[in-house]
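This is what each chain is made of:
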Amino acid sequence: MADLTSNFIGIKSPNPFWLASAPPTDKEYNVRRAFQAGWGGVVWKTLGSEGPPVVNVNGPRYGAIWGADRRLLGLNNIELITDRPLEVNLREIKSVKRDWPDRAMIISLMVPCDEDSWRDILHRIEDTQADGVELNFGCPHGMAERGMGSAVGQVPEYIEMVTRWVKKHSRMPCIVKLTPNIADIRIPAAAAHRGGADAVSLINTINSITSVNLDSFSPEPMIDGKGTHGGYCGPAVRPIALNMVAEIARNPETRGLPISGIGGVTTWRDAAEFMALGAGNVQVCTAVMTYGFKIVSEMISGLSEYLDTKEMALSDLIGRATPNVTDWQFLNLNYVTKARIDPDACIGCGRCFAACEDTSHQAIVIKPGRVFEVIDEECVACNLCVNVCPVEDCITMVELPQGAMDLRTGKPVTEYANWTTHPNNPSAKVAAE
Amino acid sequence: MPNSPLTPGIVPGRLHASVYDANFDDHTQPLDRHEARVAADRCYFCYDAPCITACPTGIDIPLFIRQIATGTPDAAAKTILSANILGGMCARVCPTETLCEEACVREAAEGLPVEIGRLQRFATDGLQGRGVHPFTRAAQTGKSVAVVGAGPAGLACAHRLAMHGHDVVILDARPKPGGLNEFGIATYKSTNDFAQAEVEWLLQIGGIRIAQNSALGRDVTLADLQAAHDAVFLGMGLAGVNALRAPGEDKHGVRDAVDFIADLRQASDKSVLPVGRDVVVIGGGMTAVDAAVQSKLLGAENVTIVYRRGQGKMGASPYEQDHATSAGVRIVTNAAPIAVLGNGAVTEVEFAYTEEGPQGLTMGAQKFRLKADQVFKAIGQTLSGAPEGLAVEGGKIATSGAGRTSIPGIWAGGDCAIGGDDLTVTAVAQGRDAAEDIHASLMGV
């Protein structure tokens with residue numbers, strides 16, 4: 001069984017699976033049970049300044065998107081940072097860390113945007129023996145209106161400034177948690193890097209309305225007839241998070257900056273994909289809020305088996321896919337594939353035909369007996385038929401070797417060439433023949 | 001409980017009074033809302049869907065399932081009923097395993113088709129349960145059509161004609177409308193008097209009058225109908241029953257399965273219905289299965305279906321056969337009756353094993369006897385009392401096009417006419433299509 005021991009910015013944990021700062025990590029009872037279940041670490045739910053805690057709404061805090069069998073696909077929340085007194089949280093953090101010294105204990109923080117507030121809170125948490133801090137610059141609701149959370153995360157200068165204060169007033173490793181509610185994730189990541197952050201974690205939740213009640217005409221979750229945007233998370237956001245992780249991992253300005261991957265991690269495979277794109281570990285929330293802490297057992301066994309099969313160490317996985325993330329302009333325009341439909345696997349639903357005929361390139365023909373075939377002269381290899389086919393591997397994209405005739409263009413397949421040198425590109429770097 | 005399954009002879013009350021209701025309850029339970037959403041989600045919304053092609057009434061199945069999936073089951077019901085006005089009954093009695101569900105691509109993929117029949121019932125039950133009739137009648141045309149038979153073909157024809165604004169009179173030989181829906185299907189396939197409720201719901205379209213106890217040839221002639229109406233549709237079904245043509249057929253205890261099934265349908269208290277201890281059902285179709293299974297449910301100790309050809313040729317689908325065997329019915333194939341034995345009342349049936357060869361079916365030398373105090377004949381129904389002058393082909397009224405008979409102005413459909421599979425759903429399709437043809441012919445469109 002592969003060794004899953006993780007060392008993330010000097011913070012050790014028995015596996016790379018942490019629980020994200022969120023309701024599951026709000027109190028000692030939960031965190032102890034999470035550690036008993038096998039979680040490698042937790043980011044304790046965000047603490048605020050000393051004084052009266054925030055209050056949450058007393059109606060629904062969560063909204064959701066489901067599949068037909070109520071499989072939870074996306075969740076949003078309008079919960080705020082911890083609504084329990086600071087000293088209670090600190091006492092509990094210390095108690096748990098004392099009993100579970102091998103687990104990572106990170107404290108998430110969010111205080112007003114002034115140096116004194118940050119110095120004070122950092123001073124208050126020193127005694128807990130926690131392993132590090134995570135700066136919550138991501139929370140998109142409630143706190144942002146008070147100048148915290150994503151209100152900081154959306155201003156690169158603030159990110160850099162606050163990060164600098166934290167590094168100045170604490171020797172703890174500092175992770176900056178980024179909001180995805182911005183135009184270009186590389187900019188806040190670079191700001192955190194300049195401020196001295198040891199790592200970034202992303203993504204925090206995405207501004208969202210999960211649904212609208214068509215009887216009461218209120219957004220969900222509804223509080224007394226009204227609703228507000230909440231933070232969206234769960235499996236539905238994973239593709240967005242994967243891209244943002246990759247963008248930071250391959251940006252020269254932040255290359256090498258450790259990343260804690262967050263966003264819809266539900267299975268070992270999701271975790272492996274985040275890590276392959278450059279995340280040093282992952283944080284999980286929605287999956288445990290859906291299925292409970294036990295899922296970590298599957299994540300541990302799954303990732304171990306995968307690493308064993310691939311004969312890789314955990315460290316070999318991290319960033320393994322990053323070099324293969326590129327810009328569109330560098331994609332090989334001479335990589336030609338054609339869809340192939342396996343008639344033995346085909347069940348005859350015709351979805352490939354409907355998709356191609358109605359919305360794409362009219363490259364599939366129905367032969368007698370509901371036999372579906374690709375017309376190579378028309379197939380642009382868009383992959384839509386593969387995506388809509390309900391049978392895995394029934395339709396595959398087969399690469400044409402160099403020299404083979406592409407019946408669509410009437411030209412043989414040639415060697416690598418991309419848009420930068422293409423004759424149709426007005427700013428082509430190399431003149432066409 | 002005066003009797004038990006072991007009591008000899010044909011007697012009622014073989015079971016404890018408390019078990020009859022459960023025995024004759026819905027064989028297939030309806031889907032609830034969540035089950036329907038999950039079942040609907042399995043539909044792939046196929047292009048030119050094979051299930052539509054497989055449905056004799058051509059219901060747009062992917063569309064109605066998508067309407068269920070998106071939370072609009074009433075719209076789904078309208079999609080179904082606009083193609084098949086008896087969609088509620090068909091959802092219960094169609095052999096979906098040989099029609100839409102056999103064609104479902106998920107049957108090909110996993111051997112688990114989308115549950116089209118149950119989904120159809122979910123949609124139609126909702127709308128019909130609330131008594132909502134989603135169609136309105138066009139302006140009256142002043143034309144009048146006589147429909148013979150208030151079974152599936154006649155009702156479908158009448159509804160479509162009424163919807164187009166024609167006045168319709170249905171003449172029905174039985175005391176209650178519905179035809180085989182009311183009298184001819186196993187009780188556990190359609191419970192709670194659904195057949196009558198469906199007829200009442202159907203009649204909400206307006207413009208249809210039903211005359212019960214009015215049989216063609218007995219109470220009224222074809223010439224009367226032709227004189228009084230602009231068109232006539234014949235949908236009287238098959239009133240005759242095939243004979244065994246084996247000596248001893250007239251002994252006490254030998255009965256037509258269709259009569260037994262009708263008695264079961266009409267009895268509100270099943271415990272009063274007599275049934276034999278050793279029941280033999282002769283035939284291989286759905287009528288045989290319905291009679292055999294219900295004999296078992298009434299408490300018969302031994303029930304055997306005997307069919308003269310091989311299992312693959314049985315009219316009852318493998319699903320129906322499994323249903324019979326799981327109810328405790330034994331199925332014997334490749335055997336034909338050669339004598340019904342007994343002194344006055346049947347005590348045994350003698351069979352010969354058969355052989356299928358190029359010359360057809362022949363009796364082999366090997367024989368066997370089955371103990372029997374009751375024998376049900378389920379070897380097919382025949383056309384009886386067809387009006388003089390109508391061309392008949394293969395024992396059924398000959399038609400061309402959409403049910404046109406050899407006499408202009410007279411259409412026919414359902415079991416009495418050629419071209420169907422003796423199914424409710426094919427009868428509905430033929431009745432509906434004949435109605436469209438009658439409408440076109442009357443209106444000159």
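Just so we're clear, the structure is a prediction, and the values are computed from it rather than from any experiment. (Residues numbered from 1 in each chain as written. Chains lettered and ligands numbered in written order. Predicted model: local features only at pLDDT ≥ 70, side-chain atom pairs only at ≥ 80, totals over all residues.)

S.K.: Would you mind showing me how to read the overall build of chain A here?
M.R.: For chain A, the count of helices and strands is 13 helices and 22 strands. Against the globule reference of 22 Å for 433 residues, chain A gives a C-alpha radius of gyration of 25 Å, in line with a compact fold. Judged by the C-alpha coordinates and their principal axes, chain A covers about 75 × 55 × 45 Å. The 433 residues of chain A split such that 45% are buried. Taking as baseline every contact in chain A between residues at least 6 positions apart, the subset at least 24 positions apart corresponds to 69%. (Helix = DSSP H or I, 4+ residues; strand = E, 2+ residues; numbered from the N terminus. Rg over C-alpha atoms; globule rule 2.2 N^0.38 Å. Buried ≥ 20, exposed ≤ 12 C-beta atoms within 10 Å, placed from the backbone. Contact = placed C-beta atoms within 7 Å.)

S.K.: Help me understand the overall build of chain B in this model?
M.R.: Secondary structure assignment for chain B yields 17 helices and 17 strands. Radius of gyration (C-alpha) of chain B: 22 Å, near the 22 Å computed for a compact globule of 445 residues. Once the C-alpha set of chain B is aligned to its principal axes, its extents read approximately 65 × 55 × 50 Å. Counting only residues that meet the buried cut, chain B has 49% of its 445 residues in that class. Partitioning the intrachain contacts of chain B with sequence separation of at least 6 by distance along the chain shows that 70% fall at a separation of at least 24.

S.K.: For this particular structure, what's the right way to read the interface of chain B and chain A?
M.R.: Buried accessible area, meaning the area lost when the parts come together, often serves as the stated size of an interface. Counting residues at the interface gives 12 residues for chain B and 11 residues for chain A. Elements that contribute at least two residues to the side of chain B that touches chain A include exactly α2 (33-41) and α8 (105-110) of chain B. The class makeup of the residues in the side of chain B that touches chain A is nine nonpolar, no polar and three charged. (Nonpolar A, V, L, I, M, F, W, Y, C, P; charged D, E, K, R; others polar.)

S.K.: I would appreciate a short explanation of the nonpolar core in the present structure.
M.R.: Considering soluble globular proteins, one finds that nonpolar side chains tend to be buried as a cluster. Judged by nonpolar contacts, the single largest core of 151 residues is most densely connected at Ile68, Leu119, Phe233, Val281 and Ala292 of chain B. Not counting the four nearest positions on each side in its chain, Phe233 of chain B is found in contact with Val145, Val147, Val148, Gly154, Cys157, Trp411, Ala412, Gly413, Ala434 and Ile438 of chain B. (Core = buried A, V, L, I, M, F, W, Y, C linked by C-beta atoms within 7 Å.)

S.K.: Can you help me understand the environment of Lys338 of chain A in this one?
M.R.: Residues and elements named next belong to chain A. Summarising the element assignment, Lys338 is placed in strand β17 (residues 337-341). Distance in space between the C-alpha atoms of Lys338 and His422 is 22 Å, their sequence separation being 84 residues. Ignoring any residue separated from it by four or fewer positions in sequence, one finds Lys338 in contact with Val374, Asp376, Cys379, Ala381, Val398 and Leu400.

S.K.: Could you clarify how one ought to interpret the sheet that holds strand β13 (residues 374-377) of chain B in this entry?
M.R.: By way of backbone hydrogen bonds, the strands of a sheet pair with one another, either parallel or antiparallel. Residues and elements named next belong to chain B. The five strands are arranged β6-β13-β7-β8-β9 in an open sheet whose pairing can be described as parallel. Because the sheet does not close on itself, it has two edges, and the strands there are β6 (254-256) and β9 (330-333). Pairs of neighbouring strands in the sheet enclose a mean axial angle of 20 degrees, with direction left out of account. Across the face of the sheet, helix α14 (residues 257-266) comes into contact with β6, β7 (278-282) and β13 while running at roughly 70 degrees to β6. (Pairing = 2+ DSSP bridges. Axes fitted to C-alpha atoms, helices over the stretch in contact; angles between N-to-C directions.)

S.K.: I keep staring at helix α17 (residues 424-443) of chain B and nothing clicks. Help me out?
M.R.: Spacing of three or four residues puts side chains on the same side of an α-helix, whose turn is 3.6 residues. With 20 residues, α17 of chain B extends 28 Å between its outermost C-alpha atoms, agreeing within 8% with the 28 Å of an ideal straight helix rising 1.5 Å per residue. Positive backbone phi, approximately 65 degrees, marks Gly444 of chain B, located one or two places after α17 of chain B. (Expected span 1.5 Å × (residues − 1).)

S.K.: Where do I start with the confidence of the model for chain B in this structure?
M.R.: Keep in mind that low pLDDT regions are not for reading the predicted coordinates in detail. Of the residues in chain B, 100% reach a pLDDT of 70 or more, and the chain-wide mean stands at 96. On the interface metric, ipTM, the complex scores 0.85, and its pTM is 0.90. (pLDDT = per-residue confidence, 0-100.)

S.K.: Any chance you could explain the sheet that holds strand β11 (residues 348-357) of chain B here in plain terms?
M.R.: All names here are of chain B. Pairing is antiparallel in the open sheet, where three strands are placed in the order β10-β11-β12. Taken across any chain shown, the strands that pair with only one partner, and hence form the sheet edges, are β10 (335-341) and β12 (360-371). Each strand of the sheet is rotated relative to its neighbour by a mean of 25 degrees, with strand direction disregarded. Relative to β12, β11 runs antiparallel, the two sharing nine bridges. Residue Glu348 lies in a different strand from β12, and its bridge partner there is Lys371.

S.K.: What am I meant to see in the pairing of strand β15 (residues 259-262) of chain A here?
M.R.: A regular strand carries its side chains on alternate faces of the sheet. Residues and elements named next belong to chain A. The two faces of β15 match: Ile259 and Gly261 on one face and Ser260 and Ile262 on the other face are all buried. Sheet topology places strand β10 (residues 199-202) next to β15; three bridges connect them, and they run parallel. Its bridge partner lying in β15, Val200 is registered against Ile259. Pairing geometry for β15 and strand β16 (residues 281-284), over three bridges, is parallel. Bridging from a neighbouring strand, Gly261 pairs with Val282 of β16.

S.K.: Got a minute to help me understand the packing of helix α10 (residues 152-163) of chain B against α17 of chain B in this structure?
M.R.: All names here are of chain B. Two elements in contact, α10 and α17, have axes separated by 7 Å at closest approach and are oriented at 35 degrees. The handedness of the crossing between α10 and α17 comes out as right-handed. Contact residues: α10 offers Pro152, Ala153, Gly154, Leu155, Ala156, Cys157, Arg160 and Leu161, while α17 offers Thr424, Ala427, Val428, Gln430, Gly431, Arg432, Ala434, Ala435, Glu436, Ile438 and His439. Each residue belonging to the contact of α10 with α17 can be placed in one class, and the counts come to 11 nonpolar, five polar and three charged. (Left-handed = near helix turned anticlockwise from the far one by under 90°.)

S.K.: Got a minute to help me understand unusual backbone geometry in this structure?
M.R.: The phi torsion of most residues other than glycine is negative, and most of the peptide bonds are trans. At the junction of Leu202 of chain A and Ile203 of chain A, the peptide bond is cis and its omega measures out at 10 degrees in the coordinates. Examined against the element boundaries, Ile203 of chain A turns out to sit in the loop between β10 and β11 (206-208). Following Glu220 of chain A, the chain continues to Pro221 of chain A via a peptide bond in cis, the omega torsion being -5 degrees. Mapping Pro221 of chain A onto the fold places it in the loop between β13 (218-220) and β14 (230-233). Unlike most non-glycine residues, Asn192 of chain B shows phi in positive territory, near 55 degrees. Structurally, Asn192 of chain B is set in the loop between α11 (180-183) and α12 (194-203). On the basis of neighbour counts, which here come to 9 C-beta atoms within 10 Å, the residue Asn192 of chain B falls in the exposed class.

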